[in-house]
Amino acid sequence: MTAQLIDGKALSQQLRNDVRQGVATLKSQNITPGLAVVLVGDNPASEVYVRNKVKACEDTGMHSVLERHGADLSQAALLERIEALNQDPTIHGILVQLPLPAHIDAQRVIKAISPTKDVDGFHVTSAGALMTGMSGFWPCTPFGCMKMLESIGYSLKGKHAVVIGRSNIVGKPMALMLLQANATITVCHSGTQNLKALTLQADVIVAAVGKRNVLTADMVKPGAVVLDVGMNRNGAGKLCGDVDFEGVRQVASHITPVPGGVGPMTITMLMMNTLLAAQGSVGA
Ligand code: GUN
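Now for a quick tour of the structure. (Residues numbered from 1 in each chain as written. Predicted model: local features only at pLDDT ≥ 70, side-chain atom pairs only at ≥ 80, totals over all residues. Heavy atoms only, no water.)

**Quick word on the side chain of Ser126**
The residue Ser126 is located in helix α5 (residues 124–132) in this model. Excluding anything up to four places from it in sequence, Ser126 contacts Asp118, Gly121 and Phe137. (Helix = DSSP H or I, 4+ residues; strand = E, 2+ residues; numbered from the N terminus. Contact = heavy atoms within 4.5 Å.)

What follows is the structure, given as C-alpha cells:
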C-alpha cells in the first residue's frame, strides 16, 4: 500500500477562503478582525513565524499589529502591553510569540491575555474549556490536525488514537480533541516503555515530539492514518518531520508530508480563531 497524502497546503487554502468570506461579512458590518502579534527578543525562528502570521492576516483581509520589543523588556512592561491590547477594541486576538526570554514567566503572561482574545488557545480558561467540552479557543496545531482528519472523512468513533508527545501546545490538547471525537486515546512520551507495542495498535498516530524518525514503518499498523507535527532538519539541512516518511508511507493509508502538511494548517487555524474572536465580539 502507498498512502494517500493529506495535502495541508491545499486544505489550508480552502479554509482560508472560508475565513476570507467571514472577514468580508464582518467588514460589511464595519468590523475588521484584528490580530496583535507580540514578539520579544530576536529569536530567528520566531521572526519567520511572526512574519508569516502577519502575511496571513493580509491574505485574509484582517488587520494586524506586530509589536516588537527588545529582549530586555521587563515582565511588568510586557504585562502592561497585554493589558492595553486587552482593552483595544480594534484587536480581537492577541498572540505572544513563544519562547519568551528566560527572565519572563510565560505562563504568567499567557494568563494576562483576556480569554476572549486568546486565539492561541493557551490560556488556562481555554485549556479548561477544551477539557470540559465547553466552547473556547482550540490550540491551532491540533485544531488543524482535526480538520485534516475531517477532510478525509475519517470517523474517530471507537478508533484507537496514539499521540506521541505531551506538550501543552500540541500533545495534550490533541489527545483531548481526539477523546471528544470519541476515540480511545493513548498518550506516549519520553518515559513510555515499548512505544512500538502501542503504536502498532493505533488506527491514528499523531507524532509531535520534535525528533526525527520517532515513527518508523515497523511501528505502524497497515492502513493507519499518520499525522506528522514535527519540524526538524535532517543531516543535509532539509526540513523533515518526526516520521520516517518514505518508510511509513508504504504502510499507512493516509499520511501528512513535511513540509506541506500540518505546518500550513496551523496559521490558517490561527486566522480562523481570530475570525471567531471577532465574531464573538459582535455576537455574530
Ligand atoms: N512558538 C512556536 N509555536 C507557537 C505558537 O503556535 N504560538 C505561539 N504564541 N508561539 C509559538
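**Remarks on the pairing of strand β4 (residues 93–96)**
Across the two faces of β4 the burial is the same, with Gly93 and Leu95 and Ile94 and Val96 all buried. Here strand β2 (residues 34–40) runs beside β4; their pairing, made up of four bridges, is parallel. Pairing of Val37 across the sheet is with Leu95, part of β4. (Buried < 20%, exposed > 50% of the residue type's maximum accessible area, 1.4 Å probe, protein only. Pairing = 2+ DSSP bridges.)

**Quick word on the pattern of salt bridges**
Inspection of the entire model under this criterion finds seven salt bridges. A salt bridge links Arg20 to Asp59, with the shortest nitrogen-to-oxygen separation between them at 3.0 Å. Residue Arg20 is found in helix α1 (residues 8–28), and its partner Asp59 is found in helix α2 (residues 44–60); the two are separated by 39 residues along the sequence. A relative accessible area of 33% means that Asp59 is categorised as partly exposed. (Salt bridge = Lys/Arg side-chain N within 4 Å of Asp/Glu carboxyl O.)

**What about the sheet that holds strand β1 (residues 4–5)?**
Sheet architecture is open: six strands sit in the order β1-β11-β8-β7-β5-β6, paired in parallel fashion. Two strands in the sheet have a free side with no partner beyond their single neighbour: β1 and β6 (184–188). Seen against the sheet, helix α7 (residues 171–180) touches β5 (160–164), β6 and β7 (204–207) and runs at an angle of roughly 170° to β5. (Axes fitted to C-alpha atoms, helices over the stretch in contact; angles between N-to-C directions.)

**Things to note about the sheet that holds strand β3 (residues 63–69)**
On the basis of which strands lie adjacent, the open sheet formed by three strands has the order β3-β2-β4 and parallel pairing. Taken across any chain shown, the strands that pair with only one partner, and hence form the sheet edges, are β3 and β4. Across the sheet, the axes of successive neighbouring strands diverge by a mean angle of 15°, strand direction being ignored. The sheet strands contacting helix α10 (residues 262–282) are β2 and β4, and the helix crosses β2 at an angle near 125°.

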